[in-house]
Amino acid sequence: HTRTYANRLRSMKPVLHNHRKNDCFYERKTNQRRTMNDDMEAADPLTELRNTWHNFKTALCSVEPFDQWAWIRVLLKAVINYLFSIAKQMLPFLKKWKMYRQLVPCFAIFLVSSLLSTYFLVLRSEVVVRRWCNTEVNDSIKKGSFPCRWVYVHDAVVTYFGLMILFNYFITVFSSPGVALPSTVAIKQLEKHNIADPEYVWKSRDSRGGCCFIDPFPVNIEREFSRVEHCTPKKTCLQGFRIEGLQNHGQNKVKTIYFPSLELSNCDKCQIARPPRCRHCSACNRCVLQMDHHCLWMNNCIAYANYRSFLLTLIFIFLACLYGTLMLISPFKELLHEQIARQGFWASLWSIRVPPLWILVRQSVFSCYTRGSNDFIAGEIAIKIAFPFLLGVSITMIVFIISHLRLIAQGISTLERIIQLDKMKSVFLSSSDDKDNVLFVNPFDQGFYKNLCQVFGPNFLWALLPVRVEPPHPYFPDHLREFKKKC
């Protein structure tokens with residue numbers, strides 16, 4: 001058909017000029033090219049996407065041949081252009097995101113408070129009273145008191161976990177992680193003239209602790225300088241320790257790299273001398289002692305002074321979620337069996353049958369004013385929401401806890417581990433012949449138990465109480481020979 005049409009073009013050029021609009025083949029080709037290239041000429045990406053989608057639906061409903069691959073290419077191009085335009089519009093907001101990071105801890109506090117209120121308003125009566133005390137909720141409400149002591153046991157355990165989570169969380173958020181400040185002369189001048197320097201007045205909007213537009217605790221300058229002094233090794237510790245060294249092991253010379261290093265360093269951004277294991281945080285723009293990472297959920301750096309409270313927060317969240325999961329596993333299993341019996345396995349696997357969010361909020365608000373069973377959120381709905389959430393959070397927390405405990409056992413932080421892996425990768429990928437005789441040694445490793453005491457303190461029982469404990473002084477080996485004997 002294409003060859004026949006080409007021959008007609010050669011022989012009937014004057015006739016074709018008059019009947020071009022009536023030629024169906026020519027119109028179809030022209031319309032397809034026009035509709036596919038309309039998105040190139042559109043200036044607005046949203047208008048471009050709408051026009052492309054309209055032309056796509058028109059071509060799809062048409063009786064003419066439909067080229068699906070060409071339309072897939074055009075639609076993908078329009079969608080990508082629209083997403084890029086959204087990203088460009090979001091750039092100013094992303095630059096201002098630093099101001100709104102302080103709202104992330106508010107969301108974490110809201111989650112903890114929601115779980116506590118769900119227990120006391122719904123799960124306490126629906127699970128504990130009915131399943132542990134074998135008593136109906138209406139009977140216990142009429143009597144004015146709960147019939148057995150299991151209720152008070154669960155209340156005490158849930159209250160204890162909630163108190164410890166919030167206490168350690170607030171300590172981590174509002175306390176200083178341990179910061180290397182400039183020289184004492186500048187600090188004394190600031191104290192003398194009462195100058196509010198922004199370097200020493202920490203704001204929550206700068207990701208230096210605090211949340212919900214509430215600034216962290218004021219900077220205790222004497223405490224910060226004492227921490228820096230304790231984190232600085234003596235001159236005797238530096239004898240024999242360098243970044244690299246050579247040791248004879250039999251007939252081979254092994255190149256030993258001590259990391260983290262015991263040597264002092266200088267920060268080009270802060271223009272200060274900093275002790276070993278002190279890193280500059282780009283998120284909060286300050287040099288932090290023994291920096292582990294900058295946590296978005298805490299709006300603060302996790303480092304020397306608040307690493308203990310951070311780990312205790314994770315541990316108590318895991319214990320609380322594990323306790324709730326074990327308490328709700330039997331009711332959730334019964335509800336799941338009932339739903340499978342009604343709908344079948346595959347239908348119940350993908351549906352939990354939970355009402356919309358606004359209905360849950362309305363029922364929870366009304367339940368604060370009335371004690372009728374019809375006004376409370378249904379117990380099965382609370383169980384269907386709480387059990388998967390608690391199970392997922394407990395699995396996530398145990399993964400984080402195990403990873404941090406492994407790093408504590410090695411006497412190294414998360415950031416130092418990343419830097420060490422990069423150094424090892426660069427050494428082993430190099431073309432040097434001595435790359436097999438390289439040994440990485442951590443001079444701060446004292447063994448598992450002593451490393452735990454370095455983080456939690458010598459008495460682990462203080463971790464069970466809502467008490468703030470100052471971290472122990474950092475460990476420094478006295479001499480290279482003593483360090484070799486310990487290794």
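For clarity, every value in this text was computed on a predicted model and none was experimentally measured.

> Could you give an account of the overall build of the protein, naming the residues involved and the relevant values?
When helices and strands are tallied, the protein shows 18 helices and nine strands. Looking at the 487 residues of the protein, the share that counts as buried comes to 37%. Contacts in the protein between residues at least 24 apart in sequence constitute 65% of all its contacts with a sequence separation of at least 6.

> With reference to specific residues and values, describe the nonpolar core.
Across soluble globular proteins, you tend to see nonpolar side chains buried next to one another. Counting 50 residues, the largest nonpolar core has L123, M298, Y307, F310, L311, L328 and I383 as the members making the most contacts within it. With 14 residues, helix α12 (residues 307–343) is the largest single contributor of residues to this core. Ignoring sequence-local partners within four residues, the contact set of L123 consists of T118, V128, L328, A382 and I383.

> Go over the state of the cysteines with me, naming the residues and quoting the values.
Each disulfide consists of one covalent bond between the sulfur atoms belonging to two cysteines. In total, this model carries one disulfide according to the counting rule given. The disulfide that involves C106 links it to C212, with 1.7 Å between the sulfurs. Within this pair, whereas C106 is found in helix α7 (residues 104–132), its partner C212 is found in the loop between α10 (184–193) and α11 (221–230), the two being separated by 106 residues in sequence.

> Kindly report on empty space enclosed by the protein, identifying the contributing residues and their values.
Throughout the structure, instances matching the rule amount to two cavities of 30 Å³ or more. In terms of lining residues, the largest cavity is bounded by 20 residues, among which R277, Q290, Y307, Q454 and V455 are the most central. Here the element with the most residues in the lining of the largest cavity is helix α17 (residues 448–456); it accounts for three residues. Considering only residue class, the lining of the largest cavity consists of eleven nonpolar, six polar and three charged. Taken as a whole, the second largest cavity encloses approximately 100 Å³ of empty space. Together, F167, N168, I171, R227, A305, R308, S309, V467, R468, V469, E470 and P471 line the second largest cavity. At the level of elements, α9 (150–174) and α12 are the ones that each hand at least two residues to the lining of the second largest cavity.

> Pulling in residues and values, what's your account of helix α4 (residues 45–61)?
Compared with the 24 Å implied by 1.5 Å per residue over 17 residues, the 24 Å span of α4 between its first and last C-alpha is a close match. P45, E48, T52, N55, F56 and A59 are the residues of α4 that are buried. Along α4, the residues classed as buried sweep out an arc of 105 degrees about the axis, all on the same side. Summarising the geometry of α4, the exposed residues directed more than 90 degrees from the buried face are R50 and C61.

> How would you explain the packing of aromatic side chains if you had to name every residue and give the values?
Under the definition given, this model contains 14 aromatic pairs. Connected via pairs of aromatic rings, a cluster forms that spans Y160, F161, F316 and Y323. Directly above the aromatic system of W202 lies the positively charged group of R286, at a separation of 4.5 Å from the ring centroid.

> Quick rundown of the pairing of strand β5 (residues 278–281)? Include the residues and the values.
Bridging between β5 and strand β6 (residues 286–289) involves four bridges; their strand directions are antiparallel. Of the residues in β6, the one forming a bridge with C278 is L289. The loop that links β5 with its antiparallel partner β6 comprises four residues; one of these, N285, has a positive phi angle of about 60 degrees.

> Let's hear about the pattern of salt bridges: which residues, and what values?
Applying the stated rule across the entire model yields five salt bridges. Measuring nitrogen to oxygen at the nearest pair gives 3.5 Å for the salt bridge that ties E224 to R227. You can see E224 and its partner R227 sitting in helix α11, three residues apart, about one turn around the helix. For the pair shown, E224 and R227 are each scored as buried. Put simply, R277 and E416 hold a salt bridge, and the shortest N to O gap is 2.9 Å. In this pair, R277 sits in the loop between β4 (272–274) and β5 while E416 sits in helix α16 (residues 414–428), placing the two residues 139 residues apart along the sequence. In this structure, a network of salt bridges that share partners links the residues E224, R227 and E470.

> Tell me what's going on with the layout of surface pockets, and back it up with residues and numbers.
There is about 880 Å³ of room inside the largest pocket. Together, 37 residues line the largest pocket, and V112, I317, C321, V393 and M397 are the ones closest to its centre. Going through the elements one at a time, α7, α9, β7 (293–295), α12 and α15 (379–410) are the ones with two or more residues in the lining of the largest pocket. For the lining of the largest pocket, the leading source of residues is α12, giving ten residues.

> Give me the packing of α7 against α9: which residues, what numbers.
When two helices pack together, their arrangement is given by the angle between their axes and by how far apart the axes lie. At a closest axis distance of 10 Å, the pairing of α7 and α9 adopts a crossing angle of 175 degrees. By the angle between their directions, the pair α7 and α9 is classed as roughly antiparallel. Facing α7, whose interface residues are P105, A108, I109, V112, L116, Y119, F120, R124, V128, V129 and W132, α9 presents W150, V151, H154, D155, V158, T159, G162, I165, L166, Y169 and F170.

> Give me α15: which residues, what numbers.
Between its first and last C-alpha atoms α15 spans 46 Å; for 32 residues at 1.5 Å apiece the expected length is 46 Å, and the two agree. Positive backbone phi, approximately 70 degrees, marks G411, located one or two places after α15.

> Hey, could you go over the confidence of the model for the protein for me, with residue numbers and the actual values?
Any residue range with low pLDDT should be treated as having predicted coordinates unsuitable for detailed reading. When pLDDT is averaged along the protein, the result is 75; 68% of the residues meet or exceed 70. Within the model, pLDDT remains below 50 along residues 480–487, and this stretch shows twelve contacts once partners closer than five positions in the same chain are excluded.

> Please give an account of the side chain of T325 that cites residues and values.
Relative to the helices and strands, T325 is located in helix α12. A polar contact of 2.6 Å, which involves the side chain of T325, links it to the backbone oxygen of C321.

> Which residues make up a nonpolar patch on the surface, and what values go with them?
Together, Y160, L461, W462, L464, L465 and V467 give the surface a local cluster of nonpolar side chains, amounting to about 550 Å² of exposed area. Mapped onto the elements, L464 comes out in the loop between α17 and α18 (480–486).

> Which residues make up the packing of α7 against α15, and what values do they have?
Across the interface, α7 lies against α15 with an axial gap of 10 Å and an inter-helix angle of 135 degrees. Compared by their axis directions, α7 and α15 come out oblique. Seen along the crossing, α7 lies across α15 with a hand that is left-handed. Here L111, L115, T118, V122, L123, E126 and V127 of α7 come into contact with α15, specifically with G379, A382, I383, F389 and L390. Partitioned by chemical class, the residues of the contact of α7 with α15 number nine nonpolar, two polar and one charged.

About the cut-offs
- Residues numbered from 1 in each chain as written.
- Predicted model: local features only at pLDDT ≥ 70, side-chain atom pairs only at ≥ 80, totals over all residues.
- Heavy atoms only, no water.
- Helix = DSSP H or I, 4+ residues; strand = E, 2+ residues; numbered from the N terminus.
- Buried < 20%, exposed > 50% of the residue type's maximum accessible area, 1.4 Å probe, protein only.
- Contact = heavy atoms within 4.5 Å.
- Core = buried A, V, L, I, M, F, W, Y, C linked by side-chain atoms within 4.5 Å.
- Disulfide = S-S within 2.5 Å.
- 1 Å grid on protein atoms, 1.4 Å probe; cavity = no way out; pocket = protein on both sides within 12 Å on 5 of 7 lines; lining within 4 Å.
- Points joined across faces, edges and corners; volume = space filled by probe spheres on them.
- Nonpolar A, V, L, I, M, F, W, Y, C, P; charged D, E, K, R; others polar.
- Expected span 1.5 Å × (residues − 1).
- Arc of directions from axis to C-beta.
- Phe/Tyr/Trp six-rings, centres within 6.5 Å; stacked < 30°, edge-to-face > 60°.
- Lys NZ or Arg CZ within 6 Å of the ring centre and 35° of its normal.
- Pairing = 2+ DSSP bridges.
- Salt bridge = Lys/Arg side-chain N within 4 Å of Asp/Glu carboxyl O.
- Axes fitted to C-alpha atoms, helices over the stretch in contact; angles between N-to-C directions.
- Parallel < 35°, antiparallel > 145°, perpendicular 65-115°, else oblique.
- pLDDT = per-residue confidence, 0-100.
- Polar contact = N/O pair within 3.5 Å; in protein donor to acceptor, adjacent residues only side chain to side chain.
- Patch = residues over 30% accessible without salt bridge, like charges linked within 9 Å, V, L, I, M, F, W, Y side chains within 5 Å.
- Areas by Shrake-Rupley, 256 points an atom, 1.4 Å probe, with all protein chains shown as cover.
- Left-handed = near helix turned anticlockwise from the far one by under 90°.

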